[in-house]
Amino acid sequence: MTGPSRSGGSRARLERLGPRTDRGRLLLLLLLVAAVTAFTATVPLLRGFFDLRVYYGTVHTWAHHGGRIYDYRVPGTVYGFTYPPFAAVAMLPLALLGRTAAIAVSLLVNLAALTAVLWILAGAGRRRHGWYRWALCLCLLALFEPLRDTFSFGQVNLVLLALVLADCLLLTTGRGRWAGAGTGLAAAVKLTPVLFIGLLLLAGRRRAAALATAVAAAATALAAWADPAASRFYWTEALWDTGRVGRLEYVSNQSLQGVLARLGEPGRPLWASAVLLTLGVWAWRARRAAAADDWPAAFALTGTAACLVSPITWVHHLVWLLPSFAVLVRAGRPRIAGALYVVLCTSVVWLWSGDASGLDGFLGANAYVWVSLGLLFGLPAGQPRDVRPPLARSASATAPAPSPVSPATTAAGDQSESSSEAGAPAAATGAADGSARDGGRSPSSEPTGSTRPAAAKPQSSSARASSYTVSPPSA
């Protein structure tokens, strides 16, 4: 069965299963909102904007009291700033705000970033989804644990994802002149997006890779000018000390290193071997995707690989997996996407926060790692153009010109049907994914939120620790 037939069939099945009247849809949405509210009030941990407190306190101490970036600690804890110095420079506007205003700004910025991410992933068919599908999508996103934690911590990963996906959109649409700028800026704030520069090099996009590198270098140089001592400390000491971020074996660390540490094998040689194998798979699959102009899949694979190879990947870092789910739905595999997505909504790894031993601990405490590995190996990527489900395209890009032999009948209607992929806004990934293919364009004591184990868990009043900090040492 061809891609368009699969997507059209999925959409038709969804239409038959759901309510057919606006009143019925509104009632269903109200029930879903009530269920989501009950879930978020009872199951997830509320983080109390702890990371935002770290950012806020660091910037205020640095700007108003002459303190040093990596010496600040949240009162009563040992947790301080852990990002590269440019992140502190970028957060300087917080020095002008009070605490309540800072929380409001954090929520608004993350909402804007989420809107941008959804806008890019939905593609040109975003207007065809309608209020009902968008509302369903928002209900589903409210259950996604990495996204919940991002908002509740006041984290920045969603903003960085939006910056990187902006480059994906530019490459997909063939407007690659400024592609790389967003990735470079994101890489200057956190190190995770650096792997996307590697993707640009793999794909032969040297101009974009050079621009990303230049932007990251310029931002880093600006931070070095603003605070030479902090820059020297971070790049020569803090960067290489993973113990400053948190304990590797803590259950929130859903990376390959976290799995090995929970098995009692935290040694670097074994981890380095696992990383090299993972990067090999990523390079092969991502290069193949980019060569086929399948940029959404290439970027999705890169985000997944970055989460796996990072020494520490806290649960909220897994917002980088969102593009993978969009690619799965676009490829006509909504059931697989739904099953993996549900796992990441359950907070299941926390069941083993106290003891991850045994077979059940190996499987359950690392559940999100298994999802990431499944996506890395199984994500549809690099398919030939003739078997890839077409995404929504503009009528001007897809309509054949009228001719005396062939009347002006366009394919826009068929394409708009396939662009609604399983009825979810994330189904179509990248407005220009289709148009690019048609056009044949080639292609401190620092890091985020923890230092050493603390006796208390300031992020949450629950007995379970936060999704990026460490469990307290035993008495």
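Parameters and conventions
Residues numbered from 1 in each chain as written. Predicted model: local features only at pLDDT ≥ 70, side-chain atom pairs only at ≥ 80, totals over all residues. Heavy atoms only, no water. Helix = DSSP H or I, 4+ residues; strand = E, 2+ residues; numbered from the N terminus. Buried < 20%, exposed > 50% of the residue type's maximum accessible area, 1.4 Å probe, protein only. Areas by Shrake-Rupley, 256 points an atom, 1.4 Å probe, with all protein chains shown as cover. Axes fitted to C-alpha atoms, helices over the stretch in contact; angles between N-to-C directions. Parallel < 35°, antiparallel > 145°, perpendicular 65-115°, else oblique. Left-handed = near helix turned anticlockwise from the far one by under 90°. Contact = heavy atoms within 4.5 Å. pLDDT = per-residue confidence, 0-100. Salt bridge = Lys/Arg side-chain N within 4 Å of Asp/Glu carboxyl O. Polar contact = N/O pair within 3.5 Å; in protein donor to acceptor, adjacent residues only side chain to side chain. Expected span 1.5 Å × (residues − 1).

Some points on the overall build of the protein
(1) Moving on: A tally of helices and strands in the protein yields 22 helices and zero strands.
(2) Moving on: The proportion of buried residues among the 475 residues of the protein is 53%.
(3) Moving on: Summing over all exposed atoms, the protein offers an accessible surface of approximately 20,100 Å²; the carbon and sulfur share of this is 66%.

Remarks on the packing of helix α15 (residues 295-309) against helix α16 (residues 322-330)
(1) Moving on: Two elements in contact, α15 and α16, have axes whose closest approach is 8 Å; the angle formed by their N-to-C orientations is 140°. With respect to α16, the axis of α15 lies oblique. Both α15 and α16 take part in a crossing whose hand is left-handed. Across the interface between the two elements, Pro296, Ala297, Ala300 and Thr304 of α15 pack against Pro323, Ser324, Val327 and Arg330 of α16.

With respect to the confidence of the model for the protein
(1) Moving on: A residue-level look at the protein finds 72% of positions with pLDDT of 70 or above and a mean pLDDT of 78.
(2) Moving on: Note that pLDDT drops below 50 for residues 1-8; the model gives that stretch ten contacts with residues more than four away or on any other chain.
(3) Moving on: Note on residues 389-475: pLDDT is under 50 here. Beyond four places in sequence and across chains, it has 260 contacts.

Regarding the packing of helix α10 (residues 194-202) against helix α11 (residues 206-226)
(1) Moving on: Relative to each other, α10 and α11 sit at 155°, their axes nearing to 8 Å. The angle between α10 and α11 places the two elements in the roughly antiparallel class. In the packing of α10 onto α11, the handedness of the crossing is left-handed. Counting all contacts with α10, which are made through Ile197, Leu200 and Leu201, the residues of α11 involved are Ala208, Ala209, Ala212 and Thr213.

Details of the pattern of salt bridges
(1) Moving on: What the rule picks out here adds up to two salt bridges.
(2) Moving on: Salt-bridge contacts for Arg330 lead to Asp294; the nearest nitrogen and oxygen are separated by 3.1 Å. Taken as a pair, Arg330 in helix α16 and Asp294 in the loop between α14 (268-291) and α15 lie far apart in primary sequence, 36 residues in all. Exposure class is identical for Arg330 and Asp294. Each is buried.

Side note on helix α9 (residues 181-189)
(1) Moving on: Summarising burial for α9: seven of the nine residues are buried, a large majority.
(2) Moving on: Along α9, the residues that are buried comprise Gly182, Thr183, Gly184, Ala186, Ala187, Ala188 and Val189.
(3) Moving on: Looking at the buried residues of α9, the elements they touch are α4 (85-90), α8 (157-173), α10 and α11.

A closer look at the side chain of Ser231
(1) Moving on: With respect to the helices and strands, Ser231 occurs in helix α12 (residues 228-236).
(2) Moving on: For Ser231, a relative accessible area of 7% translates into the label buried.
(3) Moving on: At 3.4 Å, the side chain of Ser231 and the backbone nitrogen of Ala224 are in polar contact.

Here's the deal with α15
(1) Moving on: The end-to-end C-alpha distance of α15 is 21 Å, a good match for the 21 Å that 15 residues give at a rise of 1.5 Å each.
(2) Moving on: Counted residue by residue, α15 has 15 buried out of 15 residues, so it is predominantly covered.

Observations regarding the environment of Thr192
(1) Moving on: For Thr192, the location among the structural elements is in the loop between α9 and α10.
(2) Moving on: For the pair formed by Thr192 and Thr302, sequence separation is 110 residues and the distance between their alpha carbons is 10.0 Å.
(3) Moving on: Ignoring anything within four residues of it in the chain, the contact list for Thr192 reads Ala306 and Trp320.

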